[in-house]
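# Summary of structural features
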Amino acid sequence: MKTRSLFFWLVCLFLGATNMLAQSIQEKTPTTLNGVWQMCFYRSSSPDVVGELKTSNSLKILSDDGRFTNLVMMQSGAIIIGYGTYKQNSESVYTEYVEKNLHLPQLNGDKNEMHFELKEDGNLMFVKYYLTVDRDGNKIDSWCHEIWKRVVMPSAYPENIVR
């Protein structure tokens, strides 16, 4: 009888431990950065309040073929301000290999490691990258922070759209 009880308890212990270990393993959701992203900023009427997130006129296109393009919408039309290739290194870092950048010419022909965190179901991306020098070659050693919102297709054509 004691042998049966001991065997029963060992089986229960084994099954319990296996079940507990299986629950701690979580499926990783693949992170996809592909798509069109719109730069955002916080706007506030008071310096004491963070404010609300507003979109800007800057877009970043991360293509599924590994190319990126940064463009700005202006009254006279859109212009490309930077382009190159990119590669996602991990769930929180991707590298832009900058071919040409008008805004940050010090990055031309260089790589720029972008640390990111996705929020709001992958539709908001907080990015930071490190710059050692400014466009004139002056040492700055500073982190730059950007916020990007994924551009999504609405379920219906908006009635108030201006084309």
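Let me sum up the structure you'll find in this document. (Residues numbered from 1 in each chain as written. Predicted model: local features only at pLDDT ≥ 70, side-chain atom pairs only at ≥ 80, totals over all residues. Heavy atoms only, no water.)

### A few points about the side chain of asparagine 112
Examined against the element boundaries, asparagine 112 turns out to sit in strand E6 (residues 111-119). Other than its neighbours up to four places away in sequence, asparagine 112 contacts Tyr94, Thr95, Glu96, Val98, Leu107, Tyr129 and Tyr130. (Helix = DSSP H or I, 4+ residues; strand = E, 2+ residues; numbered from the N terminus. Contact = heavy atoms within 4.5 Å.)

### Points about the pairing of strand E3 (residues 67-74)
Here 5 bridges tie strand E2 (residues 52-62) to E3, and the two strands are oriented antiparallel to one another. Across the sheet, residue serine 58 finds its bridge partner in E3, namely valine 72. Taking the residues between adjacent antiparallel strands as the criterion, E2 and E3 are bridged by 4 residues, where glycine 66 takes a positive phi near 90°. (Pairing = 2+ DSSP bridges.)

### Here's the deal with the side chain of serine 58
Mapped onto the elements of the fold, serine 58 is located in strand E2. Residue serine 58 is classed as buried on the basis of its relative accessible area of 15%. The contact partners of serine 58, leaving out residues within four places of it in the chain, are Trp37, Gln38, Met39, Leu71, Val72 and Trp148. (Buried < 20%, exposed > 50% of the residue type's maximum accessible area, 1.4 Å probe, protein only.)

### So, the packing of aromatic side chains
Inspection of every chain in the model, using the stated rule, returns 3 aromatic pairs. Pairing tyrosine 130 with tryptophan 143 gives two aromatic rings, centres 5.2 Å apart and planes at 65°, and the pair type is edge-to-face. Placement of tyrosine 130 in strand E7 (residues 124-133) and of tryptophan 143 in strand E8 (residues 139-150) is noted, with a sequence separation of 13 residues between them. Under the relative-accessibility criterion, tyrosine 130 is labelled partly exposed at 35%. Among the aromatic side chains, those forming a connected cluster through ring pairs are Tyr86, Tyr94 and Phe116. Just above the ring of tryptophan 148 sits the side chain of lysine 60; from NZ or CZ to the centre is 5.3 Å. Sitting above the plane of the phenylalanine 126 ring, lysine 119 keeps its charged end 5.2 Å from the centroid. (Phe/Tyr/Trp six-rings, centres within 6.5 Å; stacked < 30°, edge-to-face > 60°. Lys NZ or Arg CZ within 6 Å of the ring centre and 35° of its normal.)

### Section: the pairing of strand E5 (residues 93-101)
Pairing of strand E4 (residues 77-88) with E5, which is carried by 7 bridges, proceeds in the antiparallel orientation. In the sheet register, tyrosine 83 faces E5, and the bridge partner there is lysine 100. The hairpin turn running from E4 into E5, its antiparallel successor, is 4 residues long. Sheet topology note: the E5/E6 ladder contains 5 bridges and is antiparallel.

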